[in-house]
Amino acid sequence: MKDYGPKEIRNIGLVSHQSVGKTTLAEAMLFSAGVTNRLGTIEDGSTTSDYRTDEIERKISISTSLAHFEWKDRKFNLVDMPGYLDFIGEVRCGLRVTDLAVVLLDSVSGVEVGTEIVWEVLEENKTPRIFFVNHMDKEHSNFDKVVNDARDAYGNAVVAVQIPVNQGEGFTAIIDLLRMKKITFKNDGSGKYTQEDIPADLTDKAGELRNALIEKIAESDDEILEKYFEEGELSNEDIVQGLKAGIISRTIFPVLGGAAARNIGTQLLMDFIAEYGPSPADLSPYPALDTKGGETQVEADANADFSALVFKTLSEMHVGELSLIRVFSGTIKSGDDVANTTKGTSEKIGQIYALNGKNRNEIGILKAGDIGALVKLKDTHTGNTLASKKNPVVFKPIKFPTPVVEIAVTPKSKGDEEKISTGLHTLTEIDPSFTVTIDPELRQTVIAGQGELHLAIIISRLKERYGVEVEQKRPKIPYRETITAKADERYRHKKQTGGAGQFAEVWMRIEPIPRGEGFSFESKVVGGAISSVFIPSIEKGVRQVMTEGAVAGYKIVDVKAVVYDGKEHPVDSKDIAFQIAGREVFKMAILHAKPILLEPIYTVTVKCPEDYMGDVMGDLSGRRGKILGMEAQGRFQVVKAQVPLAELHNYSTSLRSMTQGRATYARELSHYDPVPKEIEAKVVAESKEEKEK
Ligand SMILES: Nc1nc2c(ncn2[C@@H]2O[C@H](COP(=O)(O)OP(=O)(O)OP(=O)(O)O)[C@@H](O)[C@H]2O)c(=O)[nH]1
Ligand SMILES: [Mg+2]
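This one's a predicted model, so the numbers in the text were calculated from it and none came from an experiment.

Student: Looking at this model, I keep getting lost on the overall build of the chain. Mind explaining?
Tutor: From N to C terminus, the chain includes 17 helices and 36 strands. Counting only C-alpha atoms and orienting by the principal axes, one finds that the chain spans roughly 110 × 60 × 50 Å. Scored against the burial criterion, the 693 residues of the chain give a buried share of 54%. Per element, the accessible surface of the chain, about 30,500 Å² overall, is 48% carbon and sulfur. In the chain, 87 side chains carry a positive charge and 103 a negative one; their mean positions are 7 Å apart.

Student: Sorry, what's going on with the coordination of the magnesium ion (ligand 2) here?
Tutor: A four-donor tetrahedral metal ideally has 109.5 degree angles, and a six-donor octahedral metal ideally has angles of 90 or 180 degrees. Thr23 (OG1) and Ser61 (OG) make up the full set of protein donors to the magnesium ion (ligand 2), lying at 2.0 Å. Note that Thr23 is positioned in helix H1 (residues 22-32) and Ser61 in the loop between helix H2 (53-58) and strand E2 (65-71), a separation of 38 residues in sequence. By relative accessible area, which is 5% here, Thr23 ends up buried.

Student: Explain a negative patch on the surface to me, please; I cannot follow it from the model alone.
Tutor: Among the surface-exposed residues, Asp222, Glu223, Glu226, Glu230 and Glu231 lie close enough to one another that they form a single negatively charged patch. Residue position: Glu230 is located in helix H7 (residues 222-231).

Student: Can you help me understand unusual backbone geometry in this one?
Tutor: Excluding glycine, a negative phi dihedral is what most residues carry, and trans is how most peptide bonds are arranged. Put simply, Ser284 and Pro285 share a cis peptide bond, and its omega is 0 degrees. Within the secondary structure layout, Pro285 lies in the loop between helix H10 (280-283) and strand E12 (286-289). The phi dihedral of Lys59 is positive, around 60 degrees, even though this residue is not glycine. Tracing the backbone shows Lys59 in the loop between H2 and E2.

Student: Whenever I open this one, the site of ligand 1 confuses me. Can you help?
Tutor: Of all residues adjacent to ligand 1, which total 19 residues, the nearest are Lys22, Thr23, Thr24, Glu43 and Asp137. Between Glu43 and ligand 1, the recorded distance is 2.4 Å, taken from a side-chain N or O atom to an oxygen atom. Asp137 places a side-chain nitrogen or oxygen 2.8 Å from a nitrogen atom of ligand 1. Calculation on ligand 1 without its partners gives an accessible area of 650 Å², and the protein chains cover 86% of this total. It is H1 that contributes the most residues to the shell around ligand 1, three residues altogether. Its residues assigned to classes, the shell around ligand 1 comprises seven nonpolar, nine polar and three charged.

Student: Sorry if this is basic, but what is going on with the pattern of salt bridges here?
Tutor: Pairs can form between side chains of opposite charge whenever their charged atoms are close. Tallied over the entire structure, the rule returns 42 salt bridges. With its nearest N and O atoms 3.1 Å apart, the salt bridge here joins Glu120 to Lys607. On the criterion of sequence distance, the pair formed by Glu120 in helix H4 (residues 113-125) and Lys607 in strand E33 (residues 595-609) is long-range, its members being 487 residues apart. In this structure, the salt-bridge partner of Lys587 is Glu584, at a minimum N-O distance of 3.9 Å. Taken as a pair, Lys587 and Glu584 lie in helix H14 (residues 575-591) at a separation of three residues, close to a single helical turn. Residues joined by salt bridges that share partners form a network here, namely Lys72, Asp176, Arg179 and Asp271.

Student: Would you explain the nonpolar core in this entry?
Tutor: Nonpolar side chains in soluble globular proteins tend to be buried together. Counting 59 residues, the largest nonpolar core has Val15, Leu95, Phe131 and Val158 as its most contacted members. If one sorts the elements of this core by residue count, H4 sits on top with six residues. For Leu95, the residues in contact, after removing those within four places along its chain, are Val15, Met81, Ala101, Val121, Leu122, Asn125 and Thr127. Listed in part, the 45 residues of the second largest apolar core include Leu78, Ile130, Ala218 and Ile239.

Student: What's the story with H7 in this structure? I'm lost.
Tutor: Structural remark: α-helix, 3.6 residues per turn; residues separated by three or four positions point the same way. The backbone nitrogen of Glu223 lies 2.9 Å from a side-chain oxygen of the residue at the head of H7, namely Asp221. Where H7 ends, the next residue or the one after it, Gly232, has phi of about 75 degrees, a positive value.

Student: In this structure, what is going on with the sheet that holds strand E9 (residues 181-185)? I would like to understand it.
Tutor: In sheet architecture, strand pairing relies on hydrogen bonds along the backbone and comes in two forms, parallel and antiparallel. Strand order in the open sheet made by the four strands is E7-E8-E9-E10, with antiparallel pairing throughout. Across the chains shown, the open sheet's two edge strands, defined by having one partner strand only, are strand E7 (162-164) and strand E10 (193-196). Across the sheet, the mean angle from the axis of one strand to that of its neighbour is 25 degrees, orientation sign disregarded. Sheet topology places E7 next to strand E8 (residues 173-176); three bridges connect them, and they run antiparallel. In the strand pairing of E8, Ile163 is matched with Ile175.

Rules behind the numbers
Residues numbered from 1 in each chain as written. Chains lettered and ligands numbered in written order. Predicted model: local features only at pLDDT ≥ 70, side-chain atom pairs only at ≥ 80, totals over all residues. Heavy atoms only, no water. Helix = DSSP H or I, 4+ residues; strand = E, 2+ residues; numbered from the N terminus. Buried < 20%, exposed > 50% of the residue type's maximum accessible area, 1.4 Å probe, protein only. Areas by Shrake-Rupley, 256 points an atom, 1.4 Å probe, with all protein chains shown as cover. Lys, Arg positive; Asp, Glu negative; His and termini not counted. Charge placed at Lys NZ, Arg CZ, Asp CG, Glu CD. Donors = N, O, S within 2.8 Å, 3.2 Å for Na, K, Ca; no water. Patch = residues over 30% accessible without salt bridge, like charges linked within 9 Å, V, L, I, M, F, W, Y side chains within 5 Å. Salt bridge = Lys/Arg side-chain N within 4 Å of Asp/Glu carboxyl O. Near = heavy atom within 4 Å. Polar contact = N/O pair within 3.5 Å; in protein donor to acceptor, adjacent residues only side chain to side chain. Nonpolar A, V, L, I, M, F, W, Y, C, P; charged D, E, K, R; others polar. Core = buried A, V, L, I, M, F, W, Y, C linked by side-chain atoms within 4.5 Å. Contact = heavy atoms within 4.5 Å. Pairing = 2+ DSSP bridges. Axes fitted to C-alpha atoms, helices over the stretch in contact; angles between N-to-C directions.

Put into structure tokens, the structure is as follows:
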């Protein structure tokens, strides 16, 4: 392959609601550019980017894939991201290295919830973008309606640069408003086309839309706008410059269309990107941080100091870990020594590859603006920065969404604990939108992610890669025990077996203290009834009960304990005896101080379209939730409520099905509240049952 500079590279990210045709579009581009010699399909599992077994089986994209090709003297890097909401973490990674996002819209459904969610990430990253209305060969396709839909949602920057001629079944022809020609594709998937003048019945519409487009382009640059007022038209040069500027400044979101599965419109899209799409040189410099966290920049220049973002690590069967990187500045070669500036470690660069799905091609060098893969890095993971040791810049970390579903896992066979923990740990490094917490208090390992499918995929990878199977359970709730009354108890511990005996007697008062204050321990023993050396022993015994619980095996909170008297024996009193007496007297006191259970209450924030608000609030109340308030936020309503954690199991899944996937939610621990009596009895009974097992 030719050596492409930062002006000639196009880093394209494909994003959309699920199943709009991103992977199929990537396939059509690769075929059109001659990288593949047949058009793969989702149906027979033969596409370049959905090559993993789980993707082929489920017919959806799960991981980000890379592909590249040459077109019109440009090098295109394609980043094909999944559309299914569970994999939004992949989109957050991929969009960090995208210079131009192609947002696919369905020719019938237009803007969907997945489009809205992706749009938020695009806005955060300020990514230039164009629309591609796909599925134009479907019945009821309506390009104009979709363009209007997008304009309603995203404003006047949305402007059509094409008109479909025969949308719906049998779709083959498109009018290109920049060339002012009608282009007719062969309907055999070859992508071959012929070009003619615009037919008479469409000249008026084409003329009108072209004027609107030219006006929009003129508005992107004051100088061009002046020319436009003087001459009423724009030169080709001005159009290229103005359109490119509008795309970069995000004042123009051009809309194109086609039918990827039939390879119709693909090449017009590729031509459009080659001509008007921003290059790394256009978007340079890129923001970075210096070693002290101060803001700095890097230039898309192959001769500058090296810097790259590891935007994704893939753990591939039989290959090991592949680190996908985008070089933002400088050049990297096999054999180079570079810094991992996120971790403050050093990495030696081995082979460097260009990828087309699973196919790897060793290239040995990667320059500013380009995307490729590294293998066998020691300790570098998703989101890390690699940079020259001379100028060790760091890129801002990738922002991952917090998990919304969780499940507790235990090994199916004894002895697999170690393997599971290593496996899960590696999987979180690959995909930080998934987390693992080992909870010593409840003795459980909890995995959490973006949806049930996300967790199912993690569990199947654990089996595939690490050979371990797990049982899944509903995670235990971290209840707390506390008291609601005072109590006063005495306990004598006495043991006389053979030689040395044990003796200790402790008198103790306990009382509740305000919520959140935890634990307080005091000694008011006078006259040496208990020697001061044994006071810490008593406290140790009490603290043991505080962590183990007295009622149902949960941590005790908000109790004050006072030792005020007792007895000791000159020979038999010792540390262990007072620990035991302390433990037992405290346990008895708790049981007599009207103990109750507390449960964690979460503040839940749900964002959804107005239409679903009633259902969402009704459901929250059904979950013992208290609605705190509601407010409008753009096209959405946001409701805040406090809900017990015990009622939030699988909430994300039911919220999705309740709202056709149009709602999202976040949650955060607020405080602890008493558990209602009937539920408390159940929890206590369950914990007894567990103990007896
Ligand atoms: N009729 C028609 N079907 C299409 C077209 N493009 C894609 N499809 C079909 O739409 C389905 C989804 O296509 P994909 O390429 O997997 O879509 P995707 O956006 O990559 O899906 P995810 O990555 O899972 O979100 C497949 O069955 C494709 O064959 C098209 O232009 N016309
Ligand atoms: Mg896909």
